[in-house]
Amino acid sequence: MIKAILIFNNHGKPRMSKFYEHYTEDTEQQIIRETFHLVSKRDENVCNFLEGGLLIGGSENKLIYRHYATLYFVFCVDSSESELGILDLIQVFVETLDKCFENVCELDLIFHLDKVHNILAEMVMGGMVLETNMSEIITQVEAQGKMEKSERLQDVFVEFSHQDLLDFYNQMEMIQTQLTR
Amino acid sequence: MALKIVKGSIDRMFDKNLQDLVRGIRNHKEDEAKYISTCIDEIKQELKQDNIAVKANAVCKLTYLQMLGYDVSWAAFNIVEVMSSSKFTYKRIGYLAASQCFHEGTDVIMLTTNQIRKDLSSPNQYDTGVALTGLSCFVTPDLARDLANDIMTLMSHTKPYIRKKAVLIMYKVFLKYPESLRPAFPRLKEKLEDPDPGVQSAAVNVICELARRNPKNYLSLAPLFFKLMTSSTNNWVLIKIIKLFGALTPLEPRLGKKLIEPLTNLIHSTSAMSLLYECVNTVIAVLISLSSGMPNHSASIQLCVQKLRILIEDSDQNLKYLGLLAMSKILKTHPKSVQSHKDLILQCLDDKDESIRLRALDLLYGMVSKKNLMEIVKKLMLHVDKAEGTTYRDELLTKIIDICSQSNYQYITNFEWYISILVELTRLEGTRHGHLIASQMLDVAIRVKAIRGFAVAQMATLLDNAHLLTGNTQRNGICEVLYAAAWICGEFSEHLEDPMQTLEAMLRPKVATLPGHIQAVYVQNAAKLFATVLQKHEGETDSQAAQETSQLLIDRLPLFVQSANLEVQERASCILQLVKYIQKLQQKNVEVAEEVTALFAGELNPVAPKAQKKVPIPEGLDLDAWINEPPSESESEDEKPKVVFAKEEPKHYRSRHTEVDEKELARRREVRKQEQANNPFYIKASPSSQKVYDAPGVEHIPVVQIDLSVPLKVPGMPMSDQYLKLEEERRQKEKAERKKKEKKKKREKRGKGRKADSGPESEEDITPAHQVDIVTEEMPENALPSDDDDKDPNDPHKALDIDLDKPLADSEKLPVRTHRPEVLKSPAEDRDSKSVPQETKKKSSKEKKEKKKDKEKDRKRSKEEKKKKKKHKEVEEELLESQPEEAVQSEETKEAAAPPTSTSAEASDLDFWLSSAPVPPAAAQEVTAPSSAAAVDTSSAAAPESEPDEPKDTEPEDTKSSKHKKKKQKKEKEEKEKKKKKRHHHHHHHGDAGGEDSVQNGTVEEEEPLPPMSNYSLLAENSYIKMVYDIQGNHQDESKVVVSVIFENKSDSFLKSMEFNVLDSLNSKLQRPEGAGPHDGLTVPFQLPPGVSNEARFVFSVQSIVMPQKLKGTLTFIVKSDESSTHEKLDFKLHFTCTSYLITTPCYSDAYAKLLESGDLKGSSLRLEGINMPFHHLLARICFHHHFSVVERIDSCASMYSRSIQGHHVCLLVKTSDQTVSIDAKCDEPSLLGNVLDEIKQTFSKC
């Protein structure tokens, strides 16, 4: 089982956090801080596994992380997951993000948190790995994106009744007076 | 409508969206909190609007703020609103927010049930997908119960995308609602062979996760997984399966043997490191489970070690780490194969990566031998000096101690060396492990008698230089060793060269700055030293010096009398008075030394850590009972139990055996030694109690600055390094000597006290420097053998420990379409809940039929399904008004009972699959026939009224399949498919027959005035014999029940020499004639000609009657026909229900009322839905099946009574209205009552 997936930057600012067990917001922040503390002090060329911090499960769990440019991707898993498998999964995750955002960078994650969550949801569900095949993940993400887009178009092509237009006009006017005041 | 949207778009122009929010936060770096709080205010405004788009935008922003650590639970209701939007865009935002912040405590969650159900059945697969994803994060027990059936239906969805999500989420459902596991499991298993690899992988994932917690329940799936392992190419799936096998092998060594070959093949062939690593891991697990070190497996170990070496030598730190991790697993069982790689591991100790160093340290633990211990420890000591971080250094320290103390100090040849290592470790700065060193010092000094002299000398020096240890407040952890030092010097003071000097050191004023518990030990041991000094002086008749010593104590002790610590104070004042008295005597020239030493006389023995727990509670002692009446509530809080005494550990050790005579003592020691020969205990001086200390005014101690870069050389303290050289020399000398003596005779090797020395051969040559007697620990006589490795009772997985091979009982159906069953009261709703499961089951059986059709029809099928769904709804509505159909229900019971027959048959298949030895066909038939018969029996026992052709049906099929089996593994696949088809056929058959059957079996008969009832239920049956049984309590004896068994000969042959045997449990035992062993069977006192039946009675004794119980048993008999006679056997399970312990006892209504008034009885209640039988039938059933009697009956209400054989009163109040029966019950034994009620419920669920 995967207990939590965290993304934070080199300064420990959270960029995405997904906990598959419930913690209070404060504990979540503490976990992120503790994990950052553990991970950030490690050199570049040491192994990517760590015994878990005290807050999240203790020694039963492992932290498996990768460091890409300004971001740390950390998976907290228990003993049923294969360490190397999870490392591969992180790679798949990052590559998928890269495909979906076209050259992903930290800013993409900051501004599109919901999208990152949606991509992750196609890979990991409730702490269990759902899909590891990147093209399958991208297909599903894109199909859902398309659906969203078509719904947005529906929004625009609404037919207006006469009364609606009048109301619309009135409101515009009201706003204008508010603005000029 | 349109207007709102327009309005919304205008508003949105002025709203911040998520991007604006993020940008804003980034622009307000200096006053982020303030900015966010204004944003939250805005969001609150937005949430108040009607426009769903605005709300969704607000919720989206909240999700971001939640990540930053803001509590957004106040918006839970709005999140639910957004979730229920019809637009996918908003729905997704809502579910995402819910998955981030909902949890079991969120109360609005109960509002979501219907919405989620709607989304799950949405025609849009992404609506369903989003709902499943969200649900996986916040599923609660209520949601799980209410939605389990919906999700189960989704497991057979046409789209693999939905199927895989539905399969995966089932794990979460099982966790929250364990009752769903058994009904859902067959379908889950089916999904292991799903055509879509994603679904397959999800199913593997779920079953692996389940099996990891309760592996034994999943052993029967091993053949299936084995097939998957040899056929799958998906590494992810392979890894999961291989990991699962790793968990299963410890339970079934035969499985391990079967696995070795394919795994080694994989190891050789795969290029994926992750897979290779997991294979190696599982091979190791297999080897551990075999562990007998079979010769042909040494190759596998070699292969593993070889591969791991490659991993460790790899430049990739990850592989290195994992290699070391796996190596440490091999180490436990095959230390020798690892030891040859010592060089590599020592090399890893120098790695720059701390994780790797720690793993290497773990390995070292198992690599030490007598030969290399000193060398390795020396290396570690160097690391200790070099290590920068305190955590790593502390880790090193504990490892050094672990390594040295392992297996009862097995590898230490020179304890002087070990003591000096410990003393060297005391110079560590800022370690937390002072108590660990202290407990080692104590342990060694107590248990190794030969070393006491040396240890005492070392400790005396330590005490003398105590200021070096306590100088810095930061290094307080280490002053714990003074505790040990003081105690050792005091206890073994006869070894001290200059006790006077030590006494003086212990009474220095500075001691008063030490933690209280250490001071207490100082004071107490000063008294012991005083005794020794006195004796010495009196021996030399130096009364002057003796008096000076007394004076010294009288001068110094008052300091301790003033101590804030109660313990110190008390001891000091006691001893001060004692010394004053002694001084008086001394002045009168009385010889007192003898008497003073007598105060501290007595040999000390170490006590095993568990000893206290193992003392059996004497009979008749109830520890929970009050000795006096409980005190009144007003007892003040501040009188907490004092911990003071618990702190002084060693004092309590002192068990004085002076009153026990020496012979008895020696005898006990002998017994103990034998007992412990196979069981080396470690003494753990439970240092936890020493951790607690308070150091009043430590800040005021004058700090002594020490330059620590120069290792301290305390005069008179030998350095451990010297021992290395000395040891070398000694060994050389010994070798030379031995060479001389070699021709003469083999000399004795080791110290007598050592036991179970399993070091490598070459080490046998090394003799310890001292004749060492390691004292073993004391255990109480007749100690309880219980070892408590209890599981955590709070572990949610414990609830999932469910036998999956048992047939499904009717009561286990998944609840459907009920919000909360307790709300259900109106009969209409009630009917609704009953009818839907039938409907869905019906549907699933249809689906199964459909599967048989070709895949080409898939497209058609989806259309059909849609239609069917429509129909389904219509039917549902119809059913709302109509009565439940009996026919459907009876069909369904069979549906439920059928799959388990095949699974239990599979269990016996497992045995077959595992035993690779060829079996002659006839024998095979014999082996499988009884077991399959037994399997069938259990299923038919669950539904005894079902027609008997079912077992006949399965039996030949099974034997046939087993014939197929033994041919070859290759055929397995084919054969499985066949079997599957057959199984389908089975369903089919029952589905068709269902309509007709309902006329024949019990359901129709029930319409008659009073149905004939029989308490005899089927025990077991095969083609020769049928056994039915009934259990009755015995009026005379409160611990006996009588089991009446009717044997019916079904064959054409003569049955004789029947022997009835039962495997006794602790609670229930078959009464056997005197002189018979506990495993002997009872001869049935008759023979059976063809077609004849007869009854025999067996008496069982039971102790506790509050729980139902099952006993396994066997009936062996000889079948004699004209030509031949064969031995046959039939397995069965005797089910002692709690009902069978009840005796029908009449009770008068006034006595009954009194009983209820007494208040001794505890209540419980039960509600039965959908019972449409006359009330008197109902009562008759309860009376007959559950041994009750009716006390009083008024209209649709009755009170009933029964008594258990042990005199528990059970009272029932049965009320009925509109098909709902409520039973309020009272009994003086709640668990008995609970079980009886369950059984009543079961009786009525069957009809």
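Below is a summary of the structure that appears in this document.

Criteria and cut-off values
Residues numbered from 1 in each chain as written. Chains lettered and ligands numbered in written order. Predicted model: local features only at pLDDT ≥ 70, side-chain atom pairs only at ≥ 80, totals over all residues. Heavy atoms only, no water. Helix = DSSP H or I, 4+ residues; strand = E, 2+ residues; numbered from the N terminus. Buried < 20%, exposed > 50% of the residue type's maximum accessible area, 1.4 Å probe, protein only. Contact = heavy atoms within 4.5 Å. Areas by Shrake-Rupley, 256 points an atom, 1.4 Å probe, with all protein chains shown as cover. Pairing = 2+ DSSP bridges. Buried area = accessible area lost by both parts, 1.4 Å probe. Salt bridge = Lys/Arg side-chain N within 4 Å of Asp/Glu carboxyl O. Polar contact = N/O pair within 3.5 Å; in protein donor to acceptor, adjacent residues only side chain to side chain.

What follows covers the overall build of chain A. Scanning chain A for helices and strands turns up six helices and seven strands. The N-to-C order of helical and strand elements in chain A reads β-β-α-β-β-β-α-α-α-β-β-α-α. Taking all 181 residues of chain A together, 56% fall into the buried category. When contacts within chain A are restricted to residue pairs at least 6 apart in sequence, those whose partners lie at least 24 apart make up 49%. In the form shown here, chain A has an accessible surface area of approximately 8,600 Å², with 53% of it arising from carbon and sulfur atoms.

Residues and elements named next belong to chain B. Of all eight residues making up strand 13 (residues 1197-1204), six are buried, and the element is well covered by its neighbours. In terms of strand pairing, strand 10 (residues 1142-1143) meets strand 13 through two bridges, oriented antiparallel. Each bridged residue has a counterpart across the sheet, and for isoleucine 1143 the counterpart in strand 13 is arginine 1203. As paired elements, strand 12 (residues 1189-1194) and strand 13 share five bridges and run antiparallel to each other. Bridge pairing in strand 13 places serine 1189 opposite tyrosine 1201. Judged from the seven bridges that link them, strand 13 and strand 14 (residues 1209-1217) form a sheet pairing that is antiparallel. Pairing of serine 1202 across the sheet is with valine 1210, part of strand 14.

Taken together, the contacts link 70 residues of chain B with 66 residues of chain A. Looking only at chain B, the three residues that lose the most surface to chain A are Met67, Arg92 and Trp236 of chain B, adding up to 11% of its buried area. Our enumeration of links across chain B and chain A arrives at eight salt bridges. Of the charged contacts, one joins glutamate 122 of chain A and lysine 165 of chain B as a salt bridge, the two residues approaching to 3.6 Å between their closest N and O atoms. The interface formed by chain B and chain A holds 30 residue pairs in polar contact (both at pLDDT 80 or more) in total.

Here we come to the environment of asparagine 1022 of chain B. Assignment of secondary structure puts asparagine 1022 of chain B in the loop between strand 1 (1017-1021) and strand 2 (1025-1033). Note on asparagine 1022 of chain B: relative accessible area 9%, which makes it buried.

To continue, consider the pattern of salt bridges. With the rule as written, the count across this model stands at 37 salt bridges over all chains. For the salt bridge of aspartate 78 of chain A with arginine 213 of chain B, the shortest nitrogen-to-oxygen distance reads 3.9 Å. Of this pair, aspartate 78 of chain A sits in the loop between strand 5 (71-77) and helix 2 (83-101) while arginine 213 of chain B is found in helix 12 (residues 197-213), placing the two residues in two different chains. Accessibility expressed as a relative area gives 3% for aspartate 78 of chain A, which makes it buried. For the salt bridge of arginine 359 of chain B with aspartate 362 of chain B, the shortest nitrogen-to-oxygen distance reads 2.9 Å. Note that arginine 359 of chain B and aspartate 362 of chain B are positioned in helix 21 (residues 354-367) at a spacing of three residues, about one turn of the helix. On the accessibility criterion, arginine 359 of chain B (11% relative accessible area) is buried.

Attention shifts here to the pairing of strand 2 of chain B. Residues and elements named next belong to chain B. Counting buried positions over the nine residues of strand 2 gives seven, a clear majority of the element. Relative to strand 2, strand 1 runs antiparallel, the two sharing four bridges. Opposite serine 1017, over in strand 2, you have tyrosine 1029 as the bridge partner. Bridge count between strand 2 and strand 3 (residues 1040-1049): nine bridges; the pairing is antiparallel. The residue of strand 3 that forms the bridge with methionine 1027 is phenylalanine 1047.

Despite not being glycine, glutamate 102 of chain A shows a phi value in the positive range, around 55°. With respect to the helices and strands, glutamate 102 of chain A occurs in the loop between helix 2 and helix 3 (106-111). Of note, the phi angle at serine 1057 of chain B is positive, near 45°, even though the residue is not glycine. Considering the arrangement of structural elements, one finds serine 1057 of chain B in strand 4 (residues 1054-1062). For serine 1057 of chain B, a relative accessible area of 39% translates into the label partly exposed.

Geometric descriptors of this kind do not, in isolation, establish any biological role.
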